[in-house]
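The chain contents come next:
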Amino acid sequence: MKGNQKDSSEKPIWDRSSSSTSIPGMWSLTRPGPKLMVWLICFIVFTYIIYMLKLVSTSRSCDDSTSLTTVSALSTNVSSNVSSLSTSLASRRREWEEEGEDTVVDKLTDLNHVVFGIAASSKLWKQRKEYIKIWYKPKHMRGYVWLDKEVRKSVSDDDDDEKLLPPVKISGGTASFPYTNKQGQRSALRISRIVSETLRLGPKNVRWFVMGDDDTVFVTDNLIRVLRKYDHEQMYYIGSLSESHLQNIFFSYGMAYGGGGFAISYPLAKALSKMQDRCIQRYPALYGSDDRMQACMAELGVPLTKELGFHQYDVYGNLFGLLAAHPVTPFVSMHHLDVVEPIFPNMTRVRALKKLTQPMKLDSAGLLQQSICYDKHKSWTISVSWGYAVQIFRGIFSPREMEMPSRTFLNWYKRADYTAYAFNTRPVSRNPCQKPFVFYMSSTKFDQQLNTTVSEYTIHRVSHPSCRWKMTNPAEINTIVVYKKPDPHLWERSPRRNCCRVLQTKRNNTLWINVGVCRAGEVTEVK
């Protein structure tokens, strides 16, 4: 019994080492043969394939129609949506492009965005309104003339005045505001409120309010060029100082002089109108309207942004020195036209200013811009103030000297004191050989074939002292012809004075000059 148990317990345990010599056929009982394994694998694979085929066929029989319909509908919807989306995007893209073009146009400040406020006096209105007619264009501009009281129209008045001038308004009363300056006039109070009163009229689509006097002349194209540099949605107070150092000390070096004109952005004008009446109550001792305006700007915390093209011209006498050496900046305005001499000789003030509008129409950006060059063969220095005058000097003067205005004028206190100016000047030479020969602009036109302006300058015949220098006498020249291509984008580039070149000619009494943008490597020098 025990032996059987032992045999039975040890039965499943085989001695692999001796299995090969044990009972024949024992290997087939312990390990399946290769054929059996192959058949087993084939059976399992076949069964799996049959099962999967049955499963797929059953699923397709139930869902085939629904699935195909869904796929077809989905495909149709997708293609339809894609087509409609592409059409919508194309349409929207066209709208964006159109809106983009309109936006670019809208972003550029134009005269339509400017409203002028012109301070005028009823006593001087008859003569000074002629200055306004020179520059104001009712069909293209908006503005108002603010008088202290109504002016009766006389029989001699031009019937077209109403068509050529801005609408006339009467300033509001200022009796409630204190004024204690014994040297000034109460009219300063009403003039200081012109911007606020103009705003209250409710003009639409305004970006800038521009202030000026009835004896101020604006070059409006250049005014727009200056204003485009600034964001009209921000607070800006733009203008310039007096030419008189003493005036700037007495009033402020941070004040824009209203006669030369200044510009106030719409947001600043709106803020000013809300507080100005309270503000001017606090400054009864101030002299004029300009310093009251600047006092309110100080309370608002807005400083003066200086643009040198606004000209107060607090001087007496002849403006030639200032106009012949204008700084490298757009010429925007001029003032005190009743005080200074006519800018062209042998003309009335109004006629002389109208003459200046001829080159202004052809190339306003280049108006009065100075160019300096040399005639090396004749040892001449030539200064061109385009559209106004050309000067010829015997000898060689450096550009540093020539860009300083010559003192052909007196300061505001009628003294020949060169320290009284707020800029550098040079004396009129006492050397008889260095007295300039001046040629004033006589005509200007645009040549279609050459695509350039052609301006002629005729010598101003005055007596010249005798000179012993052995060089060609500029008095032999009767006419100077200047060629210059219009450059409306001049001030969109960095400021730089134009260059001029003397052209060779066989005519002994005519000088030909080309003015334009300096070429690469071109320098105003004599070698």
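Residues numbered from 1 in each chain as written. Predicted model: local features only at pLDDT ≥ 70, side-chain atom pairs only at ≥ 80, totals over all residues. Heavy atoms only, no water.

If you look the protein up in an unreviewed UniProt entry, it shows as Transferase, transferring glycosyl groups from Arabidopsis lyrata subsp. lyrata.

### A word on the pairing of strand β18 (residues 499–503)
Within β18, 4 of the 5 residues are buried, which leaves the element mostly enclosed by the surrounding structure. Here 5 bridges tie β18 to strand β19 (residues 510–516), and the two strands are oriented antiparallel to one another. Paired with C499 across the strands is G516, a residue of β19. (Buried < 20%, exposed > 50% of the residue type's maximum accessible area, 1.4 Å probe, protein only. Helix = DSSP H or I, 4+ residues; strand = E, 2+ residues; numbered from the N terminus. Pairing = 2+ DSSP bridges.)

### Notes on the pattern of salt bridges
In the structure shown here, the tally under the stated rule is 14 salt bridges. Across the pair R497 and E403 runs a salt bridge, and its minimum N-O distance is 3.2 Å. Taken together, the residues span a long stretch of sequence, with R497 in the loop between β17 (479–484) and β18 and E403 in the loop between α14 (399–402) and β14 (409–411) at a distance of 94 residues. Classification of E403 by relative accessible area gives partly exposed; the value is 41%. For R493, the salt bridge goes to D487, with nearest N and O atoms at 2.5 Å. Connected through shared salt-bridge partners, R128, D214, D215 and D338 make up one network. (Salt bridge = Lys/Arg side-chain N within 4 Å of Asp/Glu carboxyl O.)

### Quick look at the packing of aromatic side chains
Within the structure shown, the criterion is met by 21 aromatic pairs. Note on F209 and Y266: the rings are 6.2 Å apart at their centroids and 20 degrees apart in plane angle, and the pair reads as stacked. Here F209, found in strand β4 (residues 208–213), pairs with Y266, found in helix α10 (residues 266–281); they are 57 residues apart in sequence, far enough to count as distant. Its relative accessible area of 2% is what places F209 among the buried residues. Residue classification places Y266 among the partly exposed residues on the basis of a relative accessible area of 28%. Taken together, F116, W135, Y136 and F218 form an aromatic cluster joined through their ring pairs. Above the ring of F344, the side-chain terminus of K355 is found at 4.6 Å from the ring centroid. (Phe/Tyr/Trp six-rings, centres within 6.5 Å; stacked < 30°, edge-to-face > 60°. Lys NZ or Arg CZ within 6 Å of the ring centre and 35° of its normal.)

### Examining a nonpolar patch on the surface
A contiguous nonpolar patch, built from I41, V45, F46, Y48, I49, I50 and L53 and spanning about 720 Å² of accessible area, is present on the exposed surface. By the element assignment, I41 lies in helix α3 (residues 34–107). (Patch = residues over 30% accessible without salt bridge, like charges linked within 9 Å, V, L, I, M, F, W, Y side chains within 5 Å. Areas by Shrake-Rupley, 256 points an atom, 1.4 Å probe, with all protein chains shown as cover.)

### Quick look at the confidence of the model for the protein
Taken residue by residue, the protein gives an average pLDDT of 86. The fraction at 70 or more is 82%. Taken as a whole, residues 1–30 scores under 50 in pLDDT and shows 2 contacts with residues more than four places along the chain or in a different chain. (pLDDT = per-residue confidence, 0-100. Contact = heavy atoms within 4.5 Å.)

### Thoughts on the side chain of R426
Checked against the element boundaries, R426 lands in the loop between β14 and β15 (437–447). Look at R426: it is buried, it has no salt bridge, and the nearest opposite charge is E401 at 6.9 Å. In this structure, R426 is in contact with F393, E401, M402, M404, P405, S406 and R407, ignoring residues within four places of it in sequence. (Lys, Arg positive; Asp, Glu negative; His and termini not counted.)

### Regarding the state of the cysteines
Summed over the entire model, instances satisfying the criterion amount to 4 disulfides. Residue C279 pairs covalently with C296 via a disulfide, S to S 2.1 Å. Of note, the bridge from C279 to C296 carries an S-S torsion of about -110 degrees and is left-handed in sense. In this pair, C279 sits in helix α10 while C296 sits in helix α11 (residues 289–300), placing the two residues 17 residues apart along the sequence. By relative accessible area, which is 0% here, C296 ends up buried. A sulfur-sulfur distance of 1.9 Å marks the disulfide that ties C433 to C467. For the disulfide bridge between C433 and C467, the dihedral angle about the S-S bond is near 110 degrees, and by the sign convention the bridge is right-handed. (Disulfide = S-S within 2.5 Å.)

### Section: the packing of α10 against α11
Relative placement of two packed helices is described by the angle separating their axes and the distance separating the axes. At a minimum axis distance of 10 Å, the contact between α10 and α11 shows a crossing angle of 110 degrees. In terms of orientation, α10 lies roughly perpendicular with respect to α11. Relative to α11, the crossing made by α10 is right-handed. Facing L268, A271, L272, M275, Q276, C279 and I280 of α10, the residues of α11 in contact are R292, M293, A295, C296, M297, E299 and L300. Grouping the constituent residues of the contact of α10 with α11 by class yields 11 nonpolar, 1 polar and 2 charged. (Axes fitted to C-alpha atoms, helices over the stretch in contact; angles between N-to-C directions. Parallel < 35°, antiparallel > 145°, perpendicular 65-115°, else oblique. Left-handed = near helix turned anticlockwise from the far one by under 90°. Nonpolar A, V, L, I, M, F, W, Y, C, P; charged D, E, K, R; others polar.)

### Quick notes on the sheet that holds strand β3 (residues 168–170)
Reading across from one edge, β3-β2-β1-β4-β7-β6-β8 is the order of the 7 strands in this open sheet, with mixed pairing throughout. Each edge of the open sheet is held by one strand with a lone partner, namely β3 and β8 (304–306). Direction aside, the axes of adjacent strands within the sheet are offset by 25 degrees on average. For strand β1 (residues 114–119) and strand β2 (residues 142–147), the ladder comprises 5 bridges, and the chain directions are parallel. Each residue of the ladder has a partner; that of G117, found in β2, is Y144.

### A look at the environment of M441
In this structure, M441 sits in strand β15. Judged by relative accessible area, which is 0%, M441 ranks as buried. Each residue touching M441, except ones within four places of it in the same chain, is listed here: F344, K355, P359, G387, Y388, E456 and Y457.

### Quick word on the nonpolar core
F116, I343 and I480 are the most contacted members of the largest nonpolar core, which totals 75 residues. Each of domain 1 (111–312) and domain 2 (363–516) contributes no fewer than three residues to this core. When near neighbours in sequence (up to four residues on either side) are disregarded, I343 contacts L319, L323, M334, A352, L353, L356, Y388 and Y440. Residues V195, I280, M293 and M297 belong to the second largest nonpolar core, which totals 33 residues. (Core = buried A, V, L, I, M, F, W, Y, C linked by side-chain atoms within 4.5 Å. Domains from an automatic or database assignment.)

### Re the packing of helix α4 (residues 125–135) against helix α13 (residues 349–362)
One way to put it is that α4 packs onto α13 with a least axis distance of 10 Å and a crossing angle of 5 degrees. If you check the angle between α4 and α13, you find them roughly parallel. Here E130, Y131 and I134 of α4 lie close against α13, whose contacting residues are R349, V350, L353, K354 and T357. Counted by class, the contact of α4 with α13 contains 4 nonpolar, 1 polar and 3 charged residues.

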